[in-house]
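Secondary and tertiary structure notes
Each chain, letter by letter, is given below.
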Amino acid sequence: MRNFKNKLKKIVIKVGSSSITHDNGRINLQKIDELCFEIANLENSGYDVVLVSSGAIAAGRAKLNFKDRPKETSVKQAAAAVGQVSLTNIYDRSLITYGYNSAQILLTKQIEKDEIMRENAKNTLQTLRDMKVIPIINENDTISTYEIKFGDNDTLSAIIARLIDADLLIMLTDIEGLYTDDPRINKNATLIEEVSDINLVNKSAKNTNSDMGTGGMKTKLKAASLALEKNIEVVIASGKNMKIIRDIVKGENIGTYFKCQ
């Protein structure tokens, strides 16, 4: 069992597109419902949870019957606009079933540079949590340009964790954690269960080959570094089964645990 350095109260959970979609790109309703159940159950247990969720472009792509992920910026932004509506509605319906309201927050990288915007975001998040409303955060793909994009929701999740002074950041992905090499290519790759010095494992990270997402293990290590700077511990694990969330919070040895020094 793991003994987290921080007494867990505030938890940020990040899910990638691959964790909440089917292989054909359409939203996996069962996975989202299971995720919402786990979040609601954590809330019932006294934790404060903020969700950072990808999937808007994927949802829009499916709804607009695009065969492949769009490449043109304007088309991606249009798909995000369409998909964000569907994604938010699905989350909202599931969370209401379990007794919680949700709120959609779309952000750009400007919150890192604009002090007023950052403070407004922080105050809004705190007010929502005081109201026991679950914030669901995504990058504002519809208006984002290169200059104001996070580029991936791994980084965004770390920024949010820092913003709310979280105790733990959980990043769910399509593999079990950080490996010594890409396990999809190298069968001899082994899972790294605990990281005490993140600088020693950066060479193990690979970029993603997924058709659904934008971030790979390198972006997750970058996000982990950002979180650790503020003494926020991190777990990277598989999002194949959302019940894994409860086990992570209990301290079970799941995924890769990035420990504060």
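Chains are numbered independently. Their residues run from 1 in the order of the written sequence. In view of the model being predicted, local features appear only for residues whose pLDDT reaches at least 70, and side-chain atom pairs are presented and counted only at 80 or more, with totals across whole chains, interfaces and linings using the full set of residues. In computing side-chain properties, one takes all heavy atoms of the structure into account and sets aside hydrogens as well as water.

The protein chain goes by Glutamate 5-kinase in an unreviewed UniProt entry, where it is assigned to Peptoniphilus olsenii. UniProt positions are given in the numbering used here, feature names are shortened, and annotations may be inferred rather than shown by experiment. Under the heading Pathway (unreviewed entry), UniProt records this for the protein chain: "Amino-acid biosynthesis; L-proline biosynthesis; L-glutamate 5-semialdehyde from L-glutamate: step 1/2." According to UniProt, the comment filed for the protein chain under the heading Catalytic activity (unreviewed entry) is "L-glutamate + ATP = L-glutamyl 5-phosphate + ADP".

Regarding the packing of aromatic side chains
To describe a pair of aromatic rings, you give the distance between the ring centres and the angle between the ring planes. Aromatic rings from Phe, Tyr and Trp, with only the six-membered ring used for Trp, were paired whenever their centres fell within 6.5 Å, and each pair was classed as stacked if the ring planes differed by under 30 degrees, edge-to-face if by over 60, and tilted otherwise. Counted under the stated rule, the structure contains two aromatic pairs. Ring plane angle 80° and centroid distance 5.4 Å describe the contact between Phe37 and Tyr98, whose orientation is recorded as edge-to-face. Taken together, the residues Phe37 in helix α1 (residues 29–44) and Tyr98 in the loop between α3 (73–97) and β3 (102–107) connect sequence positions 61 residues apart. A run of DSSP states H or I qualifies as a helix once it reaches four residues; a run of E qualifies as a strand once it reaches two. Both are numbered from the N-terminal end.

A few points about α3
Taking 1.5 Å per residue, 25 residues should reach 36 Å; α3 reaches 36 Å between its end C-alpha atoms and fits that length. The sharpest bend along α3 comes to roughly 30°, located at Gly83. Every buried residue of α3 is accounted for by Gln77, Ala79, Ala80, Gly83, Gln84, Ser86, Leu87, Thr88, Ile90, Tyr91, Ser94 and Leu95. Only heavy atoms matter for contacts: two residues are in contact if any of them lie within 4.5 Å across the pair. Contacts made by the buried residues of α3 are with β1 (10–15), α1, β2 (48–53), α2 (56–63), β3 and β4 (134–139). One or two residues past the end of α3 sits Gly99, with phi positive at roughly 95°. In a helix, the anticipated span is given by 1.5 Å times the number of residues less one. At any given residue, the bend is defined as the angle formed between two axes, one fitted to the seven residues that end at that position and one fitted to the seven that begin there. Exposure categories follow from relative accessible area, calculated using a 1.4 Å probe and restricted to protein chains: below 20% of the type maximum is buried, above 50% is exposed, and the middle band is partly exposed.

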